[in-house]
Amino acid sequence: MDKRKVKKEKDDSSTEDRPFSCPKCPYRSDRQHNLRQHLLTHTGERPYPCPHCDYAAGRKPHLVRHLVRHTGVKPVIKQRRRRKAVQVQKPVKQCPFCDYTSKRMYDINVHVRTHTGERPYKCPVCDWSFAHSSTLGTHMDIHRGNKRFQCPHCDYASVRKECLRLHLSKHTGFFPYLCGECGYKTAQKSRMLKHMRTHTGEKPYGCPQCDFTTAHKRCVDRHMSIHTGEKPLMCEECGYRTADRGNLVKHMRKHTGVKPYRCSMCDYSISDRRLLNKHMKMHEEEKHVKTETTVSTVKVKKEQT
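The model shown is predicted, which means the values in this text are computed figures rather than measured ones. (Residues numbered from 1 in each chain as written. Predicted model: local features only at pLDDT ≥ 70, side-chain atom pairs only at ≥ 80, totals over all residues. Heavy atoms only, no water.)

### So, the overall build of the chain
Within the chain, the regular secondary structure consists of 10 helices and 20 strands. Out of the 305 residues belonging to the chain, those deemed buried represent 25%. The contacts in the chain between residues at least 6 apart in sequence include a share of 12% that link residues at least 24 apart. By element, 51% of the accessible surface of the chain is carried by carbon and sulfur atoms, the whole surface being about 22,900 Å². (Helix = DSSP H or I, 4+ residues; strand = E, 2+ residues; numbered from the N terminus. Buried < 20%, exposed > 50% of the residue type's maximum accessible area, 1.4 Å probe, protein only. Contact = heavy atoms within 4.5 Å. Areas by Shrake-Rupley, 256 points an atom, 1.4 Å probe, with all protein chains shown as cover.)

Have a look at this one:
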């Protein structure tokens, strides 16, 4: 029998056996539930959030597996032969620098890099380096232009599923973290923790060479360039160098002409958020002047009558 004919017959049988197909990729399944779970990989939706950190899972078993990192206790495992529930516990290991614990030494070694600043995974295209291999893989998608996670409501696309999940909150209006001091709200727990430092004045990150302290880790990295003189990030267009990624992003807008910050009251757009805030104050002052003018006009009319 012809090999092509046999292959075609196999493809036809697999199509009949797996009638539920994904509209965005070749994935097929014999169960509609599996297809619904698969579609979450395209939308970035994660309906199962972790109560201890910012992690959220697309499937409940993934959340159960993640919770072991916090509790150190494995879920109940049923043995097929004896059919008895056995709860397996492994000794919990602790970080030598803080209270972080984990049952796996691998997690401890990766976590320690947050204290030592070690970043063994370097990008072959640019000067960036990372503490996690998965983060390097995500970073490489930026160079490839591979934005796999598309928003179903607008043209936004991202290389990270987590970024898409945070973006979707703009459409749904779901911001679970609310500041009781000023009303600031966000969809990310870590952002709320950073925001609260503006009220408490907490500055947990310090320079090892001087008395400089700050509320954000990235500010320490930027500050260290004062001592070392290193500026690892360079603009490929003009040779501009800096130690801060945010400064490089702002600088590149001079070459690309991108102006992402737009005024909601007029056609003004700018590449720097601080300049937009300054522009918005002009509208507030104009609105205040108009209000005072209207009030004074009403008072004059009342006096004349």
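There is more to say, and it comes next.
### Comments concerning helix H5 (residues 133-144)
Between its first and last C-alpha, H5 extends 17 Å over 12 residues, near the 16 Å set by a 1.5 Å rise per residue. Taken residue by residue, H5 has Leu136, His139, Met140 and Asp141 as its buried positions. Buried positions along H5 lie against strand S9 (121-122) and strand S10 (129-130). (Expected span 1.5 Å × (residues − 1).)

### Focus on the layout of surface pockets
Counted as a void, the second largest pocket has a volume near 480 Å³. Every residue lining the second largest pocket is counted, 22 residues in all, and those nearest its centre are Arg46, Pro47, Ala56, Arg165 and Phe174. With four residues, helix H6 (residues 161-172) is the largest single contributor of residues to the lining of the second largest pocket. A per-class count over the lining of the second largest pocket returns 12 nonpolar, five polar and five charged. (1 Å grid on protein atoms, 1.4 Å probe; cavity = no way out; pocket = protein on both sides within 12 Å on 5 of 7 lines; lining within 4 Å. Points joined across faces, edges and corners; volume = space filled by probe spheres on them. Nonpolar A, V, L, I, M, F, W, Y, C, P; charged D, E, K, R; others polar.)

### Structural notes on the pattern of salt bridges
The tally for this structure, following the rule as stated, stands at three salt bridges. In this structure, the salt-bridge partner of Asp107 is Arg104, at a minimum N-O distance of 3.0 Å. Under the relative-accessibility criterion, Asp107 is labelled buried at 9%. Taking relative accessible area as the criterion, Arg104 reaches 38% and is therefore assigned partly exposed. Residue Asp272 is joined to Arg274 by a salt bridge in which the shortest nitrogen-to-oxygen separation is 3.4 Å. Accessibility expressed as a relative area gives 16% for Asp272, which makes it buried. For Arg274, a relative accessible area of 59% gives the class exposed. (Salt bridge = Lys/Arg side-chain N within 4 Å of Asp/Glu carboxyl O.)

### Points about the state of the cysteines
Per the stated rule, a full pass over the model turns up zero disulfides. Cys210 supplies the cysteine sulfur nearest to Cys207, a cysteine that is in no disulfide, at a spacing of 3.6 Å. For Cys207, a relative accessible area of 8% corresponds to the buried category. (Disulfide = S-S within 2.5 Å.)

### Some thoughts on helix H8 (residues 217-228)
Look at H8: 17 Å from first C-alpha to last across 12 residues, which is about the 16 Å you get at 1.5 Å a residue. Taken together, the buried positions of H8 are occupied by Cys219, Val220, His223, Met224 and Ser225. In the core, the buried residues of H8 are packed alongside strand S15 (205-206) and strand S16 (213-214). Backbone geometry just after H8 places Gly229 at a positive phi near 75 degrees.

### A few points about the side chain of Arg253
Within the secondary structure layout, Arg253 lies in helix H9 (residues 245-256). For the buried Arg253, which has no salt bridge, the nearest side chain bearing the opposite charge is Asp272, at an N-O separation of 6.1 Å. Apart from the residues lying within four places of it in its own chain, the contact partners of Arg253 are Val258, Pro260, Tyr261 and Ser271. (Lys, Arg positive; Asp, Glu negative; His and termini not counted.)

### Some points on the confidence of the model for the chain
A residue-level look at the chain finds 84% of positions with pLDDT of 70 or above and a mean pLDDT of 77. Least confident of the elements in the chain is helix H1 (residues 3-17), whose mean pLDDT is 49; most confident is helix H7 (residues 189-200), at 87. Throughout residues 1-13 the model reports pLDDT below 50, and contacts reaching past four residues in sequence, or to other chains, amount to two contacts. (pLDDT = per-residue confidence, 0-100.)

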